[in-house]
Each structure stands twice: as structure tokens, then as C-alpha cells.
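# Overview (structure and organization)
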Amino acid sequence: FRALKDLNFSAVSVGHNHGNDFCCPKDGVVLCYGRHTGYGGYGTWERGARVLRFFFGEEALETWVRFEDGRKKDERWILAPPRV
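Residues numbered from 1 in each chain as written. Predicted model: local features only at pLDDT ≥ 70, side-chain atom pairs only at ≥ 80, totals over all residues. Heavy atoms only, no water.

### Structural notes on the overall build of the protein
- When helices and strands are tallied, the protein shows one helix and six strands.
- When the helices and strands of the protein are listed from N to C terminus, the series reads α-β-β-β-β-β-β.
- If you line up the protein on its principal axes, its C-alpha atoms span 35 × 35 × 15 Å.
- Burial status across the protein gives 24% buried among its 84 residues.
- A separation of at least 24 residues holds for 23% of the contacts in the protein among residues at least 6 apart in sequence.
- When the accessible surface of the protein is split by element, carbon and sulfur atoms take 54% of a total near 5900 Å².
- Charged side chains in the protein number 13 positive and 11 negative. The centres of these two groups are separated by 2 Å. (Helix = DSSP H or I, 4+ residues; strand = E, 2+ residues; numbered from the N terminus. Buried < 20%, exposed > 50% of the residue type's maximum accessible area, 1.4 Å probe, protein only. Contact = heavy atoms within 4.5 Å. Areas by Shrake-Rupley, 256 points an atom, 1.4 Å probe, with all protein chains shown as cover. Lys, Arg positive; Asp, Glu negative; His and termini not counted. Charge placed at Lys NZ, Arg CZ, Asp CG, Glu CD.)

In C-alpha cells, the structure reads:
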């Protein structure tokens, strides 16, 4: 974690942790889990994916979870939205 901070990371997204797909800030770095995506394994969690939308040159990042049926969950800006 210290290396992330030393390298000025603002956000990190990692693979799924089964039923967890949350984002949370920790000491100035936003940590996000992905979502259970596959058909194998165990558990009955809905399949989906964490989507990351980068705005290059704007220093902005938006994220949400998209489920297999198209629903969105947990839509949020991780870094400031682009100015219009």
C-alpha cells in the first residue's frame, strides 16, 4: 500500500472477492473490488462487472457495476468529473 501512495495512485481496482464489489477510500487512495463474473465456482451472487471509465487529460474516473441483465449499481465518480 505504501508503494501505491508513494507513486501517487488515486485509485486501484482488483478482481472480485465473491460477494463484495464495493469501493472505499483508504488514506487518499480509492480501493475498488470487481464483481463475480463467471458461471463456475461456488456461491449464488449475480454475475456482473465493475466498469471503469477514464477521462484522459481530465484526471477523472467514473465507475459502476454492470449486471448481466444490463442494470447498473454503485455509479460514482472516483476522481473529479470533467468540467463542461
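### Observations concerning the environment of T44
- Mapped onto the elements of the fold, T44 is located in the loop between β3 (29-33) and β4 (48-55).
- Considering only alpha carbons, one finds T44 and F54, ten residues apart in sequence, at a separation of 31 Å.

### Some thoughts on the pairing of strand β5 (residues 60-67)
- Burial runs high along β5: seven of the eight residues are buried.
- In this sheet, β5 lies alongside β4 in antiparallel orientation, the contact comprising eight bridges. Bridge assignment links A49 to a residue of β5, and that residue is R66.
- Two successive antiparallel strands, β4 and β5, enclose a turn made up of four residues, where G57 displays a positive phi of approximately 85°.
- Bridge count for β5 against strand β6 (residues 72-79) is five bridges, and the pairing is antiparallel. The residue bridging R66 from the neighbouring strand is K72, located in β6.
- Linking two consecutive strands that pair antiparallel, namely β5 and β6, is a turn of four residues; a positive phi of about 100° is found at G70 within it. (Pairing = 2+ DSSP bridges.)

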